[in-house]
Structure formats: structure tokens, C-alpha cells
Amino acid sequence: MAIANPMMNPRLLEGLKTVVFDNDGVLIDSYEANMRYYGTILEQLGLPPMDDAQRYFVHSRTHDEAVRHIVPPELLKRAFEIGSGISQADLAPWFKRSDGIREFLEWLRAAGFNLAVNTSRGSSMQLVLKLTDLEGFFHPVVTSCDVAEPKPHPEGLFRIMRIHGVRPDEVAYIGDSIVDQKAAQASGVRFWAYRDMGLQADVHIDSFWSIRAAMQRCYKGYASAY
């Protein structure tokens, strides 16, 4: 286990060509937005609020999985109807770009790294990128709508590797949940955990400023540009 800082062993970054990001909890802080979304569904169904375990689950899974986890089967049809009537744009005030992420992405792009997204979020992903001013950095953006098997299945990461023409050992996946960890392990890519020391990871990242500083040290030719 390594902690991302300027003194990190450069060998941990050797051969890296592609950096893949999870979205919720990594690119953006969407926790409050998600809690409001799923909380509204439960409230309108007359169900009690989520407990801590349910909050953790819905924040890391697909929309379909999340709703089915917190709503009884007999109320699912109505739950999905309520959800479809909640505009993601109305949740915009609670979407926050992670501190330092845009600067980290700009540096990675200038340094020549491939950038991609592998997320459990569905059709709202493009709107979220637009609302947080993160459009244009990633190709591809793989959502739960693009795969037959969402995370923790490795399908999304395999798809990204095919598009980029890279091997698993040339990829790092930055995530913040056990779902991300399992997806990385199943695909054979490096797993970098964001703000969760309890996850099994090659590198633990406390902030995007720290991982940027660590990578700048290893790629000094690019460090002076930012």
C-alpha cells in the first residue's frame, strides 16, 4: 500500500498510459444530490428514510439496483415513475466538482495520458459532466447504459482498454468503493482508492492535489507547465 504524495515510489507509476475515473464520489461529490433523489422517492412512497447501509449502497450502485434495494417489490413501478419525474438539473446545486480534479485532469491530458470514465451512473452522466464543467476530458465515458453487466463486472474497464489499445498493467482505475475495487481486481488493472483507507489498493489518494504532485515528480518534463 502506498500513499499518494511527492515522495511516492515512482515505480508505482511505471508503464501507466490510461487513467480511468469513477464518477460519484471521485470526479464529483454527488452524495447530497443522491440522498435527496432517493430520499424524495421514499418520501413520496410513504417509506422511512434510508439507514446508513442503504445510503452507502445507493451511492455506489446503478439507479436500477439502488431503487430495487430500498423499495419493496410491490412499489417498484411507482418508485421508478417518481424517479423519472425528478430532474437531474434540479439537483444541480448539490453536485460539486471534487477539489483539484480539473487541475489534475488538465495536467494528465498535457502529459499525454488517456482519460476515461467507468461509472454506475446512467443517462444523466453527460449532464453531470456539463454541470460540473468536466466535459471534453474523457473518451470513452462508459455508463451503466453502455454495458450488459455494470460494476463490479469488469466489462466497462475491458471496453475502455480495447478502445485505448492498452493492457491491464497500463491502466489505473480511481474509485472510492468496494464495487470499484472489485471491478479493478476482476479486470487486472491497478486500483487507486480515493479517500477510503479501508479499500485494498495499490495507491491511496487523499486529494487530487497530492496525486498530481506525486505524478509531477515522476514526469518532471510536464511539472512546470502548471
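Here is a short report on the structure shown in this document. (Residues numbered from 1 in each chain as written. Predicted model: local features only at pLDDT ≥ 70, side-chain atom pairs only at ≥ 80, totals over all residues. Heavy atoms only, no water.)

Looking now at the packing of helix α1 (residues 31-45) against helix α4 (residues 76-84). At a minimum axis separation of 9 Å, α1 and α4 run at an interaxial angle of 130°. Considered as vectors, α1 and α4 are oriented oblique to each other. Regarding α1 and α4, the two cross each other, and that crossing is right-handed. Residue-level contacts link Y37, I41, Q44 and L45 of α1 to R78, A79, I82, G83 and S84 of α4. For the contact of α1 with α4, the per-class residue count stands at five nonpolar, three polar and one charged. (Axes fitted to C-alpha atoms, helices over the stretch in contact; angles between N-to-C directions. Helix = DSSP H or I, 4+ residues; strand = E, 2+ residues; numbered from the N terminus. Parallel < 35°, antiparallel > 145°, perpendicular 65-115°, else oblique. Left-handed = near helix turned anticlockwise from the far one by under 90°. Contact = heavy atoms within 4.5 Å. Nonpolar A, V, L, I, M, F, W, Y, C, P; charged D, E, K, R; others polar.)

Scanning all chains against the criterion turns up 12 salt bridges. With a shortest N-O distance of 2.7 Å, R55 and D52 are connected by a salt bridge. Of this pair, R55 and D52 both sit in helix α2 (residues 52-60), three residues apart, which is roughly one turn of the helix. Of the charged contacts in the structure, one is a salt bridge between D169 and R167, with a shortest N-O distance of 2.9 Å. (Salt bridge = Lys/Arg side-chain N within 4 Å of Asp/Glu carboxyl O.)

In this section: the side chain of S120. Locating S120 in the fold gives a position in the loop between β5 (114-118) and α6 (125-131). Classification of S120 by relative accessible area gives buried; the value is 6%. If near-sequence neighbours (up to four positions away) are discounted, S120 is found in contact with S60, R61, T62, H63, S144 and K151. (Buried < 20%, exposed > 50% of the residue type's maximum accessible area, 1.4 Å probe, protein only.)

A separate point is the packing of aromatic side chains. One pass over the full model with this rule turns up eight aromatic pairs. On the basis of an interplanar angle of 25° and a centroid distance of 5.8 Å, the ring pair of F104 and F208 is categorised as stacked. Placement of F104 in helix α5 (residues 101-110) and of F208 in helix α9 (residues 208-218) is noted, with a sequence separation of 104 residues between them. Classification of F104 as buried rests on a relative accessible area of 0%. The interplanar angle of 55° and the centroid separation of 6.2 Å between the aromatic rings of F137 and F138 together place this pair among those described as tilted. Side by side, F137 and F138 carry an identical accessibility label, which is buried. Grouping aromatic residues by their ring pairs yields a cluster made of F21, F104, F137, F138, Y194 and F208. (Phe/Tyr/Trp six-rings, centres within 6.5 Å; stacked < 30°, edge-to-face > 60°.)

This next bit is on α9. Of all the positions in α9, only F208, S210, I211, R212, A214, M215 and Q216 are classed as buried. N-cap assignment for α9: the residue whose side-chain oxygen lies 3.4 Å from the backbone N of W209 is S207. (Polar contact = N/O pair within 3.5 Å; in protein donor to acceptor, adjacent residues only side chain to side chain.)

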